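# Residue-level structural notes
Listed here are the chains, written in short residue letters.
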Amino acid sequence: MKKSLILLSLILTIFSCKDNTSSPKENKADVITIDINDSESKSDLSFFDIISDLKVIELKGIPELNQIGRIKKVVQYDGKFLVYDDLKSNILIFNSNGLYERLLGERGAGPQQYERISDFDINKKQNKIYILNNPYLLSYDFNGKFIDKKLLDFYPVKMSVMNDSNIAFNLPTLDDEFCHLIFSDGNGDLISKSACYEVFGGFIGNSRTGGVNSVTSKTYYNYTGISDIYEIDSEYNFNIKFKFNLGADMWPSEKQENVGDFRKRFKSNTVSFLYNSYFINENWMIFEYKISGKENTLKAHYDIKRNELFTSKSFKDGKLIDLLGVPVGLDEELRIISSIDFEEYNELKDIDNIKETIKEFDENLYNGLNKLSLSNTYLLITYTIEK
């Protein structure tokens, strides 16, 4: 009888673990393949020819101590802009006109404080703002009032609130079931696991490639070093949406377990790969990628409906792609949000007549950019892309 109970317990454990994890799926009919052609020539098209409905938001009134180091993500909700500065580990709150109001939360080691922000997101259905301070999940209401600080049972570095209000967490190391993603409910309690490797690989994180992407309205994921992007559905399955062809030195998907080998190629600049800073909406994918042997990363816009790729070589003022960069979020009207910083503008403004092109296209943008300085480092723009 005792042996039977042990066997039954073992069977239940096996099936419980199996139901708690999921694997990537590929529906080839829906997969979009993006081929990078580095040999295309410049055209007479201006990058501003595909931009419309542009609005400039100057970020004003920031206390000197809280001046922005680097904008990683921006969320607009209820008229407020929540700006995540990952260098200084702050979330700054601005009104709809860009006037600074306050920081979200309080720094420290106390029961209602955070020490460092790994990521943040909002849950519109539950009226919560989350701060991820690994391994804690702090939640606030939309007035910035503290709600809860939960000690998680895992150690994530990135998060994405999904459309069903549950949360996808990205782990830099595999857990004891060799999984890279954890799904929880809105309170941080475990629901499921995914992105599970067959062999334990230890530390598989990389700040530049792989992990969960939460800048857009859906949740996407790619394995470390692998240039395939999966959309995660409400059943926590992976459905491959984009495949990239970055040339002969691209790290192949069949080597996704060999993270150590990828890291060696990464350090020696002998591998091509997709960066984990990318943006996807219904019509466009905007992304950053690295080509083996080249010092700088490259950026591109892909028109999903027309199956057309635009790189800096597609435009006479192609450096504008680098200036606007990969979008950092969406506003409440689902327009793209990009951030422009002083140093980037100062470096690029005299290339390809960018400064004159900006002045001709939009006087407000030109004036806003010329107000940037070492003590006024960023502005935001919202816009749509059309073709």
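Scroll up for the structure.
This text gives an overview of the structure that appears in the document. On a predicted model such as this, the values are computed, not experimentally measured, just so you know.

Moving on, we get to the packing of aromatic side chains. Throughout the structure, instances matching the rule amount to 22 aromatic pairs. With a centroid separation of 4.9 Å and 70° between ring planes, the pair formed by Phe244 and Phe287 is classed as edge-to-face. Residue Phe244 is found in strand β20 (residues 238-245), and its partner Phe287 is found in strand β22 (residues 284-290); the two are separated by 43 residues along the sequence. For the residue pair Phe244 and Phe287, the accessibility class agrees, reading buried in each case. Between the aromatic rings of Phe262 and Phe266, the centroid separation amounts to 6.2 Å while the plane-to-plane angle is 35°, which identifies the pairing as tilted. Residue Phe262 and its partner Phe266 are located together in helix α2 (residues 259-267), separated by four residues, close to a single helical turn. Relative accessible area serves as the criterion here: at 1%, Phe262 is assigned to the buried category.

With respect to the secondary-structure elements, Glu332 resides in the loop between β25 (329-330) and β26 (336-341). Sequence separation between Glu332 and Gly79 is 253 residues; the distance between their C-alpha atoms is 7.8 Å. There is a polar contact of 2.4 Å between the side chain of Glu332 and the backbone nitrogen of Asp78.

Let us look at the sheet that holds strand β23 (residues 298-303). Sheets are built from strands paired through backbone hydrogen bonds, the pairs being either parallel or antiparallel. Pairing is antiparallel across the open sheet formed by four strands, whose spatial order is β21-β22-β23-β24. The sheet is open, and its two borders are formed by β21 (273-280) and β24 (308-311), each paired with just one other strand. Adjacent strand axes in the sheet meet at a mean angle of 25°, parallel and antiparallel pairs treated alike. Sheet analysis places β22 next to β23, joined by six bridges and oriented antiparallel. Bridge pairing in β23 places Tyr289 opposite Leu298.

We now examine the pattern of salt bridges. Per the stated rule, a full pass over the model turns up 15 salt bridges. For Arg335, the salt bridge is made with Asp53, and the minimal N-O distance between the two is 3.3 Å. Linking Arg335 in the loop between β25 and β26 with Asp53 in strand β4 (residues 51-58), this pair joins segments that are 282 residues apart in sequence. When its relative accessible area of 45% is taken as the criterion, Asp53 is described as partly exposed. Among the salt bridges present, the one from Arg335 reaches Glu333, with a minimum N-O distance of 3.9 Å. The buried category is assigned to Arg335, whose relative accessible area is 12%. Among the charged side chains, a salt-bridge network with shared partners connects Asp53, Asp331, Glu333 and Arg335.

Definitions and cut-offs
- Residues numbered from 1 in each chain as written.
- Predicted model: local features only at pLDDT ≥ 70, side-chain atom pairs only at ≥ 80, totals over all residues.
- Heavy atoms only, no water.
- Phe/Tyr/Trp six-rings, centres within 6.5 Å; stacked < 30°, edge-to-face > 60°.
- Helix = DSSP H or I, 4+ residues; strand = E, 2+ residues; numbered from the N terminus.
- Buried < 20%, exposed > 50% of the residue type's maximum accessible area, 1.4 Å probe, protein only.
- Polar contact = N/O pair within 3.5 Å; in protein donor to acceptor, adjacent residues only side chain to side chain.
- Pairing = 2+ DSSP bridges.
- Axes fitted to C-alpha atoms, helices over the stretch in contact; angles between N-to-C directions.
- Salt bridge = Lys/Arg side-chain N within 4 Å of Asp/Glu carboxyl O.

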